[in-house]
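Chain by chain, the residues run as shown.
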Amino acid sequence: MESVKVVNLYKMLTGFGIKIWLDGGWGVDALLGKQTRKHGDVDIVIQQCDVEKLREKLYGEGYQEKIQDDTSDWNFVLMDNKGGVVDVHVITFDSEGNGIYGPKDKGIMYPAYSFLGKGSIDGLLLDCLSAEFQVLSHTGYEIDDNDRKDVFALCTQFGVPIPKEYL
């Protein structure tokens, strides 16, 4: 997914009143302020209260849901026929500003600090998950070369300690 498509998507959704944070590869590249590799999709985090608006807007732009094995109310993929693939992660904020991803009783917590990230793509300043959280979320699974590059770049640029899995 090309940077211009990510920027246009971000502008369109935020202009429609949907608060989004970039996550995943584009979130890392936004934090770094440059594209470091090609991306097949863009991962975004949105609030539960914005899911219907997001679907309305993207369906109107020709996106359709791509059903996958892990499709759920809190994680789904929308794609168009022009190379746009949006991996949507849905959170609900708790009283302390943490985002709960998944079922409330056993969801994954995005700490409040994770929503403070700022980055840029093609000169556009945008919200993304913080470098500290991006590094944390790159642990606990089998690490590939992209993960290594992303984590080392974030740790170097932002002074985040390198996780033990990467040493």
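Residues numbered from 1 in each chain as written. Predicted model: local features only at pLDDT ≥ 70, side-chain atom pairs only at ≥ 80, totals over all residues. Heavy atoms only, no water.

Some words on the packing of aromatic side chains
Logical step 1: As enumerated under the stated definition, the model contains seven aromatic pairs in all.
Logical step 2: Between F93 and F115, the aromatic rings sit 5.0 Å apart at their centres with planes inclined by 65°, giving edge-to-face as the arrangement. Of this pair, F93 sits in strand 5 (residues 85–93) while F115 sits in the loop between strand 7 (108–110) and strand 8 (117–121), and the two are 22 residues apart along the sequence.
Logical step 3: In this structure F93 comes out as partly exposed when scored by relative accessible area, which is 30%.
Logical step 4: When its relative accessible area of 9% is taken as the criterion, F115 is described as buried. (Phe/Tyr/Trp six-rings, centres within 6.5 Å; stacked < 30°, edge-to-face > 60°. Helix = DSSP H or I, 4+ residues; strand = E, 2+ residues; numbered from the N terminus. Buried < 20%, exposed > 50% of the residue type's maximum accessible area, 1.4 Å probe, protein only.)

Describing the layout of surface pockets
Logical step 1: Taken as a whole, the largest pocket spans an internal volume of roughly 310 Å³.
Logical step 2: Lining the largest pocket are 14 residues, with D23, H89, Y110, F133 and S137 positioned closest to its centre.
Logical step 3: Counting only elements with at least two residues in the lining of the largest pocket, the list comes to strand 7 and helix 4 (131–137).
Logical step 4: The greatest single-element share of the lining of the largest pocket, amounting to three residues, is contributed by helix 4.
Logical step 5: Taken together, the residues that form the lining of the largest pocket break down as six nonpolar, five polar and three charged. (1 Å grid on protein atoms, 1.4 Å probe; cavity = no way out; pocket = protein on both sides within 12 Å on 5 of 7 lines; lining within 4 Å. Points joined across faces, edges and corners; volume = space filled by probe spheres on them. Nonpolar A, V, L, I, M, F, W, Y, C, P; charged D, E, K, R; others polar.)

With respect to the nonpolar core
Logical step 1: Judged by nonpolar contacts, the single largest core of 36 residues is most densely connected at L22, V42, I44, I46 and L54.
Logical step 2: Residues contacting L54, with those up to four places away along its chain left out, are L13, I18, I44, I46, F76, L78 and V88.
Logical step 3: Within the second largest apolar cluster, eight residues are counted, among which are W21, I91, Y101 and F115. (Core = buried A, V, L, I, M, F, W, Y, C linked by side-chain atoms within 4.5 Å. Contact = heavy atoms within 4.5 Å.)

Overview of the pairing of strand 8
Logical step 1: Judged by which residues are buried, strand 8 turns out to be one-sided: G117, G119 and I121 face inward and are buried, whereas K118 and S120, on the alternate face, are not.
Logical step 2: Bridge count between strand 8 and strand 9 (residues 124–128): five bridges; the pairing is antiparallel. Bridge pairing in strand 9 places I121 opposite L124.
Logical step 3: Counted along the chain from strand 8 to the antiparallel partner strand 9, the turn is two residues long, and its residue D122 has a positive phi close to 50°. (Pairing = 2+ DSSP bridges.)

With respect to helix 3 (residues 51–60)
Logical step 1: Among the residues making up helix 3, those that are buried are V51, L54, R55 and L58. For helix 3, the angular spread of the buried residues around the axis is 95°, confining them to a single face. For helix 3, the exposed residues lying more than 90 degrees away from the buried face are E52, E56 and G60.
Logical step 2: Taken together, the buried residues of helix 3 touch helix 1 (3–15), strand 2 (42–47), strand 3 (64–66), strand 4 (75–79) and strand 5.
Logical step 3: G62 sits one or two residues past helix 3 and shows a positive phi near 95°. (Arc of directions from axis to C-beta.)

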